[in-house]
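Listed below are the residues making up each chain.
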Amino acid sequence: MKMGPLLALTLWALSTVSAQAESLKMAVTTSFHNSGLAEVLLPEIQKDTGIEVQLLVVGTGQALRLGEAGDVDAILVHSKAAEEEFVLGGFGVHRREIMFNDFVFVGPSADPAGIAGAASATEALGLIAQNGASFVSRGDDSGTHKKELGLWADAGIDAEARAVSWYKEAGAGMGASLNTASGLNAYIMTDRASWLKFGNKGDLALLYAGDPALFNQYAYLPVSPEMHGHVKAELALQLEDWLVSDRARDLIDGYVLEGGRLFVFNAKR
Amino acid sequence: MNDILAGLLHAAHLIFTLDADLIEISLRSLRVTLSAVLVSSLIGLPLGCWLAVQRFRFRRLVIATLNALMGLPPVVVGLIVYLLLSRSGPFGVFGLLFTPTAMIIAQVVILTPLIASISHQAIRDLWAEYHDLLISLNTTRRQRIMTLLWDGRRALLTASLAGFGRGIGEVGAIMIVGGNIDHATRVLTTAISLETGKGNFALALALGFILIGLAVAVNLIIHSLSRTEVSGRW
């Protein structure tokens, strides 16, 4: 047995770790990543500030946990109540609103519950519940899931009233949940970007959108260096300055997907 | 059927155009798993051999436990390694979470019991054959283990390759400790998971075919380098 080539192979295998530029770890939500906006912003951020942003794509719940544990330097999520709690707990320096997009209801193109004509998002949910039409929920404690639960509460339909026969908790990310909805031909609430980018639509169609209650505010939260001394607080602030700059505004507002504008920049300066 | 065909075509396209991202994540897959296999083999092979040769009180219990650990659920290993390496965990100061090193550590935990168990089985049979000879030559325990390791190298290679097979296709643990960061910790399996989530079944499937091809290629290369099935028994 010749050991030389095997040895060479293993040596190569071990030469893993490569030199890195100034990098910053940011936890973002699946919905932000799925929109494709990250692919536009990240190269520009690197060009303008020299910061290599490494994205951890997780649900809002996990993103906040990563920030609390100090495993990331900043987070970009969309669940106001949870974010404010995060800052109050001393884990974040502050909360800075950056932009918003919106949620939409998607469902079987025949629309058995008739939500297309609904006057509001809560009415649409009420119609789905009345008809016992299959509805897929994220069920993963993400920002989208929290938003959905809030809307159910506003519609006056509590957890007990949502029978397992039609209300299915996928316990998964936006894409996986959309796959489930597509497979079951069920209703689902999704952010617009994930829906437009989704490649396995099947019989599903966009049925309801436009209620202001469905607006979805994204906020940037640098992780507190007082809580975790190792976080790259200075880079995180540099990134924040970039995210609220005119340059970011032009890129975010100018981002279109399949003919539609996705995000509206609304950072206060 | 159409999806599968589209996947095959997409795979061919990616390979023939030498897609830069594809090459990057394939190499990272190989590096992570080969490193983990190397470390696991360095621990597992001598451990398996030692368990075959040495007699001690709880030997059966240790072997049974080792066999049971072959079925260690990767997602649980991932979670535990994650909590250990997290900044708030006991090894947080090293800042290893979400790096390829963390992925290697998790895979070493998964692969070592597997490699140790398989090598123990193989060496046990060989030891039965060699027992009288090695005893009569008055060899030390270290010499016995070295002899068995060398003469059983083909079977031990199988043990390491079984480890490679489990590691290269593993997604549960490395997704958790690596975080699937683009250009940093994304490997083939986590990329497949991501693309499936996006509903891009053709691309996911293409990556899957490439992963299978890679696993087969590595096995073939190692077999040809070690000249198994070529001349005589050894």
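Residues numbered from 1 in each chain as written. Chains lettered and ligands numbered in written order. Predicted model: local features only at pLDDT ≥ 70, side-chain atom pairs only at ≥ 80, totals over all residues.

(A) Expanded view of the overall build of chain A. The helix and strand inventory of chain A stands at 11 helices and 12 strands. A principal-axis box enclosing the C-alpha atoms of chain A has dimensions of 65 × 60 × 40 Å. In chain A, which comprises 269 residues, the proportion classed as buried is 45%. (Helix = DSSP H or I, 4+ residues; strand = E, 2+ residues; numbered from the N terminus. Buried ≥ 20, exposed ≤ 12 C-beta atoms within 10 Å, placed from the backbone.)

(B) The overall build of chain B, seen in detail. For chain B, the count of helices and strands is 10 helices and zero strands. With the C-alpha coordinates aligned to their principal axes, the bounding extent of chain B is approximately 65 × 50 × 30 Å. Looking at chain B as a whole, 45% of its 234 residues qualify as buried. Excluding contacts between residues fewer than 6 apart, the proportion of contacts in chain B whose partners are at least 24 apart in sequence is 79%. (Contact = placed C-beta atoms within 7 Å.)

(C) How the structure looks around the interface of chain A and chain B. Residue-level contacts link 30 residues of chain A with 27 residues of chain B. Of all elements in the fold, only α1 (4–14), β2 (52–58) and α8 (174–184) of chain A reach the threshold of two or more residues within the side of chain A that touches chain B. Among the elements that line the side of chain A that touches chain B, the one with the most residues is α1(A), at six residues. When its residues are assigned to classes, the side of chain A that touches chain B shows 14 nonpolar, 12 polar and four charged. (Nonpolar A, V, L, I, M, F, W, Y, C, P; charged D, E, K, R; others polar.)

(D) Representation of the domain arrangement of chain A. All names here are of chain A. Annotation of chain A at the domain level lists domain 1 (23–100 + 215–265) and domain 2 (103–214). Distance from the C-alpha centre of domain 1 to the C-alpha centre of domain 2: 26 Å. Put simply, the parts of the chain that give the side of domain 1 that touches domain 2 at least two residues each are α2 (30–34), α4 (60–69) and β9 (215–222). At three residues, α2 tops the list of elements feeding residues into the side of domain 1 that touches domain 2. A breakdown of the residues in the side of domain 1 that touches domain 2 according to their chemical character gives five nonpolar, 12 polar and one charged. (Domains from an automatic or database assignment.)

(E) Looking closely at helix α4 (residues 74–85) of chain B. All names here are of chain B. Taking 1.5 Å per residue, 12 residues should reach 16 Å; α4 reaches 16 Å between its end C-alpha atoms and fits that length. Burial in α4 covers these residues: P74, V77, G78, V81, Y82 and L85. Viewed end-on, α4 has its buried residues packed into an arc of 135 degrees, placing them on one side of the element. (Expected span 1.5 Å × (residues − 1). Arc of directions from axis to C-beta.)

(F) The arrangement of unusual backbone geometry in detail. Here the phi dihedral of A:D141 falls at roughly 65 degrees; this positive angle occurs in a residue that is not glycine. With respect to the secondary-structure elements, A:D141 resides in the loop between β5 (135–137) and α7 (143–154). Of note in the backbone geometry, B:F98 takes a positive phi value of approximately 65 degrees without being a glycine. Note on placement: B:F98 falls in the loop between α4 and α5 (100–136). Under the C-beta neighbour-count criterion, B:F98 is labelled buried, with 25 such atoms within 10 Å.

(G) Region of the structure containing helix α2 (residues 20–53) of chain B. Here α2(B) is 34 residues long and its end C-alpha atoms lie 49 Å apart, about the 50 Å a rise of 1.5 Å per residue gives. At B:S41, α2(B) is deflected by roughly 35 degrees, the largest bend along its length. (Bend = angle between axes of the 7 residues up to and from the residue.)

(H) Main features of the packing of α5(B) against helix α6 (residues 141–151) of chain B. All names here are of chain B. For the pair α5 and α6, interaxial distance at closest approach is 10 Å and the crossing angle is 130 degrees. With respect to each other, α5 and α6 are oriented oblique. For the crossing formed where α5 meets α6, the hand is right-handed. Taken together, the residues of α6 that come into contact with α5 (itself represented by I123, L126, W127, Y130 and L134) are R144, T147, L148 and D151. Here the contact of α5 with α6 is built from residues that sort into six nonpolar, one polar and two charged. (Axes fitted to C-alpha atoms, helices over the stretch in contact; angles between N-to-C directions. Parallel < 35°, antiparallel > 145°, perpendicular 65-115°, else oblique. Left-handed = near helix turned anticlockwise from the far one by under 90°.)

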